[in-house]
Every structure is written in structure tokens, then in C-alpha cells.
Amino acid sequence: MRIALCPGSFDPVTNGHVDVVERAAKLFDKVIVVVLTNTGKNPIFTAEQRVDFLRRSLEHLENVEVDAYSGLLADYAREKNAVAIVKGLRAVTDFEYEFQMALINKKLNETIDTLFLTTKMEYMYLSSSVIREVASFGGDISQFVPNAIREDIQKLLRKAVDDNGGR
Ligand code: PNS
């Protein structure tokens, strides 16, 4: 069984992420989407909320599981016997960071290889941070996130803005 990991902070999952997981699921026997800690980011949603959003967005994919892990991706890969890390690549701006991560992960676990799937043109502009921004100002995010989770994302982000006394 060839297992691949789709790691990320998924704060929240976007249609671009779903597209990458769907394509990875065709290439591997099993895909584990894993919510990890990016120490450079301060997530808005809890790990539980992010896992829940992912599960609801990916339930149409039989060979996909969702998990959360608080350690190193390289260690998680070893634990799960994964052979690959699959990430989406949007543009040159993603490249330097992703290239560095791939090299570090290879150093930490030499059995793992990182594969990059080129994003679909229609998702080039998408990012979790853009979605957070649009939704927190009450904008329409229906084209950016799966339908199943849109309302919950909007509600939680509006609440976060209100709790901060508005903008
Ligand atoms: O969606 P992101 O924020 O670009 O994903 C980055 C993520 C979470 C995959 C990365 O920060 C990560 O792997 N975090 C876990 C800790 C780790 O293994 N870091 C890489 C070696 S420094």
C-alpha cells in the first residue's frame, strides 16, 4: 500500500487544497491529510475545527483520511510508513519555501520524497489568508471553499471579528 501525506495548516481548507488532495488520491493507494503546526503562523481556527472542515470537505474520497499531529512531518511520515509528501504549488512565490521544506524533510527522513502538483489555473489566486480576510469582512466566499463548510467558516470568522470589537 503506497501512502502519501498532504500536510498543511489548512486555516481553513480551500477549493485549491481539495483539488490537490483529489489528484493525490488518484496517484496513491491512500492519502492522509494531516493538520500540522506551522510555527510561522498564528491560526484562527483550532486544530479540531480545521480537521472537521477537512473531513466534511473530503468525505467523497474513499481512500483519504484526515488527522492532526503536533510534531515533525518527517516523524509522522515514518510513523505512517508514508512514501511521499504531496503539496500544491501555486506560483514562483511558493517555490523557495516549499523547496526548503522538501530538502529539510528529506534530511530528517531519507525515505520520504516530496511531490509538487501544479495548481489549476483557477486556483492560482486562492489562499487561506485571502479567504479569512474576505469572510471576516462579510464577503462572499462561496467560490473559494467547499459548500459544506462555507456557512460555518463565515459564522466563526464574523464572530472572531465581533469578539475583537469589530474593525
Ligand atoms: O499550509 P502550510 O502552512 O504551508 O504548511 C506548512 C506545514 C504545516 C506543512 C509545515 O510548517 C510543517 O511541516 N510543520 C510541522 C513541523 C515540521 O515538520 N516542519 C518542517 C521541518 S522545519
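See the structure printed just above.
Quick summary incoming for the structure in this document. (Residues numbered from 1 in each chain as written. Predicted model: local features only at pLDDT ≥ 70, side-chain atom pairs only at ≥ 80, totals over all residues. Heavy atoms only, no water.)

1. Here we look at unusual backbone geometry
Consideration 1: With an omega of 5°, the peptide bond between Asp11 and Pro12 qualifies as cis.
Consideration 2: Within the secondary structure layout, Pro12 lies in the loop between strand S1 (3-8) and helix H1 (15-27).
Consideration 3: Within the chain, Phe10 stands out as a residue other than glycine whose phi angle is a positive 45°.
Consideration 4: Looking at where Phe10 falls in the secondary structure, it is placed in the loop between S1 and H1.
Consideration 5: Assessed through its relative accessible area of 5%, Phe10 is described here as buried.
Consideration 6: One non-glycine residue, Asn81, lies in positive phi territory at about 55°.
Consideration 7: Tracing the sequence through the fold places Asn81 in the loop between helix H3 (73-80) and strand S4 (84-89).
Consideration 8: Judged by its relative accessible area of 60%, Asn81 falls in the exposed class. (Helix = DSSP H or I, 4+ residues; strand = E, 2+ residues; numbered from the N terminus. Buried < 20%, exposed > 50% of the residue type's maximum accessible area, 1.4 Å probe, protein only.)

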